Structure formats: structure tokens, C-alpha cells
Amino acid sequence: MKRLDRPVFFNDDAAIIALSNNELVNSYPLLRDNLAAVRAGYQQYAAMNGDVSQIQNVPIPPELAALLKAHYASPNQDIEFIDKLRLDGEVKTCPMCGSAGGGTLDHFMPKADYPCFSIFGMNLVPACKCNLLRTDVLSLPAHPGARLLHPYYDDILRERLLRARFRDLGPVPKVTLHGTLDAAHPFRNAVEFHLTQVVRRTRVKEWIAGEWSKLVLKPSLVIRALKTNPGSRAELVDLLEEERQEVDESTGSKNSWGSMLVTGLLEDSVVDWLFAALWGPGRAQNGPLVNL
Ligand SMILES: [Zn+2]
């Protein structure tokens, strides 16, 4: 997960007006005749700050829905920003799930259910393959606040929201993922929903388990500073916090998979286990942390 700056190289309103007046495209004059409704939909989306539990669907004729989807598949010059957004799909940290992948452009509100937003730039989020794994459920009306977090709108994404948890510490611990917000936090339900609907559907747990395997085999493969043993438990905490700071900075997010991993390592019981394992009897510097 990552808060993205809203792209500023295009103007959605100007683009839809230009497209609606373009007599050379198939959507003319149907888009022109429905322009007011589509523009109102765009304005509503922005006014609700991308909160999918509040944005109303905009009914448009099925023929227009199909034409807008065709425009998305093959953008003309009025909406050439879509091609640039596709190129930006090569993000370093997926805004939706926090992986190091990219390569897709995600309709935040799916175009099948919300065709009005098929070519709306603020609804197009560069993402990784989690795009294909998440459900089309956007919110849970029975649970106030439970909704997807929007990378262009939700500033809460700048906070640390997710962490790994390791249990049964040893060569193959049990790995789970959790939110960091307490039950009273206004974004608690949104984070839990996003975690369930997007992040947990990826291979994040397998990735974190793989990093743990490397860590116990040769700690510096995961935390470079562990090439030599920290002299004290406090020193271990310091170097893990430094590592996390660097991961946060290099990914531009406190919710990349790497940040979730190191936050999990910083849990007291894990620090205790790591420190004891680092100083295990007879262990070589940067050697295995467990007897494999
Ligand atoms: Zn992703």
C-alpha cells in the first residue's frame, strides 16, 4: 500500500468534454448526450474524496458503457493520458498491496460495475497483479468505514498500517499479517477491509516467510547490518529501526512488504529470539541462526 500523488499532467473534466465533442469517434454523439451525467459522476467522485462507500453509481446506457470501455482499451488523443498512466504502471511499490511489483492499471471502482468511471483518470491506479486477485466488493455497508483505501485520496496510507507477526520462532515460523490501528481508530475498519480484500490475497505471507528463511540462513541477506553481531539487545533494535527507516524511504511508503517484514522483526518476542540466536553458543558471525 502506498499513498500516490495525484497525477497532474491531465484534466479529467477537459478530457471528457473534448472526447464528447469529437465527431470522429464511435461514442459520438452518445457521450455528448450523456456528458452532464458523466461529469456529475466525476465531480461526485472527487467531492467524496474517493470514498467508495459514498460514491453513487452513475447510470449510463449500456451502449455508452461498451463504448467507454473500448476507449479505455484503445485511447485516442483526447484521453492519451491513459497510455501514460499505463507506462507509470511500472511502480516500484504497489499502491494497493505494497509488493515490489507493478505492470497493471487498476480500475479502483471496476469498469464492469461502474462503467461511467472507465476512463476517469482518478479511478485508474497503477498496481501489480493484485489487481486480478482482489474482489469487486468495495465496501461493507453493514460495517461502517469498511472500504478500500484509495491511493490518490486516503492520506492515512502515509501512516504505518500493517505488520507481519511471527509465531513458533525457528526455521519455519507461522507468519500472519495484522493492522496496527487500535479498535477506536476511525480508519480501523477500512484498513482491516483493505487488508482482507487486497493484501492477504497476494503472496505477501509467502514472501515474508521466504525472507525469514534467508534471515535464519545468513542474516545479512535480509538485514545487511547483521553481518556482525550487535553488542546488545538495544543495538539490535537500533539497527532494525534503521533498516526499516531505509526501506520506508527507498519505497516511499511505510506499508511496503519490506516494511511489514521489519516491523514484525521489531516485535519484542522476536527481538528476544533473534538476539539469543545471534549469540547462540558456537555460532559463527553471520552464520545460520538455527541448526538446520
Ligand atoms: Zn499489488
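Residues numbered from 1 in each chain as written. Predicted model: local features only at pLDDT ≥ 70, side-chain atom pairs only at ≥ 80, totals over all residues.

Trainee: Which residues make up helix 8 (residues 204–217), and what values go with them?
Mentor: Compared with an ideal rise of 1.5 Å per residue, which puts 14 residues at 20 Å, helix 8 spans 20 Å between its outermost C-alpha atoms and is within 8% of the ideal. Every buried residue belonging to helix 8 is among Val 204, Ile 208, Glu 211, Trp 212, Leu 215 and Val 216, and all of these are buried. Seen end-on, helix 8 carries its buried residues on one side only, within an arc spanning 135°. Contact partners of the buried residues in helix 8: strand 3 (162–167), strand 4 (174–179) and helix 10 (257–265). (Helix = DSSP H or I, 4+ residues; strand = E, 2+ residues; numbered from the N terminus. Expected span 1.5 Å × (residues − 1). Buried ≥ 20, exposed ≤ 12 C-beta atoms within 10 Å, placed from the backbone. Arc of directions from axis to C-beta. Contact = placed C-beta atoms within 7 Å.)

Trainee: Mind laying out the environment of Glu 267, listing which residues take part and the relevant values?
Mentor: Summarising the element assignment, Glu 267 is placed in the loop between helix 10 and helix 11 (268–278). Look at Glu 267 and you get partly exposed, because 14 C-beta atoms sit within 10 Å. Along the chain, Glu 267 and Glu 80 lie 187 residues apart, while their C-alpha atoms are 47 Å from each other.

Trainee: Before we move on, could you go through the packing of helix 9 (residues 233–251) against helix 10 and cite the residues and values that matter?
Mentor: Relative to each other, helix 9 and helix 10 sit at 165°, their axes nearing to 9 Å. Relative to helix 10, the element helix 9 lies roughly antiparallel. For the element pair helix 9 and helix 10, the recorded crossing hand is left-handed. In contact with Leu 240, Glu 243, Arg 244, Val 247, Asp 248 and Thr 251 of helix 9, helix 10 contributes Gly 258, Ser 259, Val 262, Thr 263 and Leu 265. Residue composition of the contact of helix 9 with helix 10, grouped by class: 4 nonpolar, 4 polar and 3 charged. (Axes fitted to C-alpha atoms, helices over the stretch in contact; angles between N-to-C directions. Parallel < 35°, antiparallel > 145°, perpendicular 65-115°, else oblique. Left-handed = near helix turned anticlockwise from the far one by under 90°. Nonpolar A, V, L, I, M, F, W, Y, C, P; charged D, E, K, R; others polar.)

Trainee: Let's hear about the nonpolar core: which residues, and what values?
Mentor: Of all hydrophobic cores here, the largest spans 67 residues; its most connected members are Cys 94, Met 96, Cys 97, Met 109, Cys 130, Ile 208 and Leu 261. When we break this core down by domain, the ones giving at least three residues each are domain 1 (12–133) and domain 2 (159–278). When neighbours within four sequence positions are excluded, Cys 130 is seen to be in contact with Cys 94, Met 96, Cys 97, Ser 99, Val 198, Arg 201 and Thr 202. (Core = buried A, V, L, I, M, F, W, Y, C linked by C-beta atoms within 7 Å. Domains from an automatic or database assignment.)

Trainee: Report on the domain arrangement of the protein chain, specifying residues and quantitative values.
Mentor: Interfaces are often described in size by the accessible area the parts lose on coming together. Structurally, the protein chain comprises domain 1 (12–133) and domain 2 (159–278). Using only C-alpha atoms to locate each centre, domain 1 and domain 2 end up separated by 35 Å. Facing 9 residues of domain 1, the contacting portion of domain 2 comprises 12 residues. Here the residues of the side of domain 1 that touches domain 2 sort into 5 nonpolar, 3 polar and 1 charged.

Trainee: Go over the packing of helix 9 against helix 11, please, and point to the residues and values.
Mentor: Where helix 9 contacts helix 11, the axes come no closer than 10 Å and their chain directions differ by 115°. Here helix 11 runs roughly perpendicular to helix 9, going by the angle between their axes. Here the hand of the crossing between helix 9 and helix 11 comes out right-handed. Touching Arg 233, Leu 236 and Val 237 of helix 9 are Val 271, Leu 274 and Phe 275, all from helix 11. Broken down by class, the residue content of the contact of helix 9 with helix 11 amounts to 5 nonpolar, no polar and 1 charged.

Trainee: Could you give an account of the pairing of strand 4, naming the residues involved and the relevant values?
Mentor: Across 6 bridges, the pairing between strand 3 and strand 4 is antiparallel. Looking across to strand 4, one finds that Ala 164 is bridged to Leu 177. (Pairing = 2+ DSSP bridges.)

Trainee: Account for helix 9, with residues named and values stated.
Mentor: Every α-helical turn comprises 3.6 residues, leaving residues that sit three or four positions apart pointing alike. The terminal C-alpha atoms of helix 9 lie 27 Å apart, and with 19 residues this matches the ideal 27 Å at 1.5 Å per residue to within 8%. Residues of helix 9 that are buried include every one of Leu 236, Leu 240, Glu 243, Arg 244, Val 247 and Thr 251, and no others. Taken around the axis of helix 9, the buried residues stretch over an arc of 100°, which confines them to a single face. Exposed residues lying more than 90 degrees from the buried face of helix 9 are Ala 234 and Glu 249. Buried positions along helix 9 lie against helix 10 and helix 11.

Trainee: Residue-level account of unusual backbone geometry, with values.
Mentor: Of note, the amide linkage connecting Tyr 28 to Pro 29 takes the cis form, showing an omega dihedral of 5°. Structurally, the position occupied by Pro 29 is in the loop between helix 1 (12–20) and helix 2 (30–33). Even without being glycine, Asn 49 reaches a positive phi, approximately 50°. Looking at the element boundaries, Asn 49 is found in the loop between helix 3 (35–47) and helix 4 (62–73). Its identity is not glycine, yet Asn 286 carries a phi of approximately 65°, on the positive side. Counting through the fold element by element, Asn 286 comes out in the segment after helix 11.

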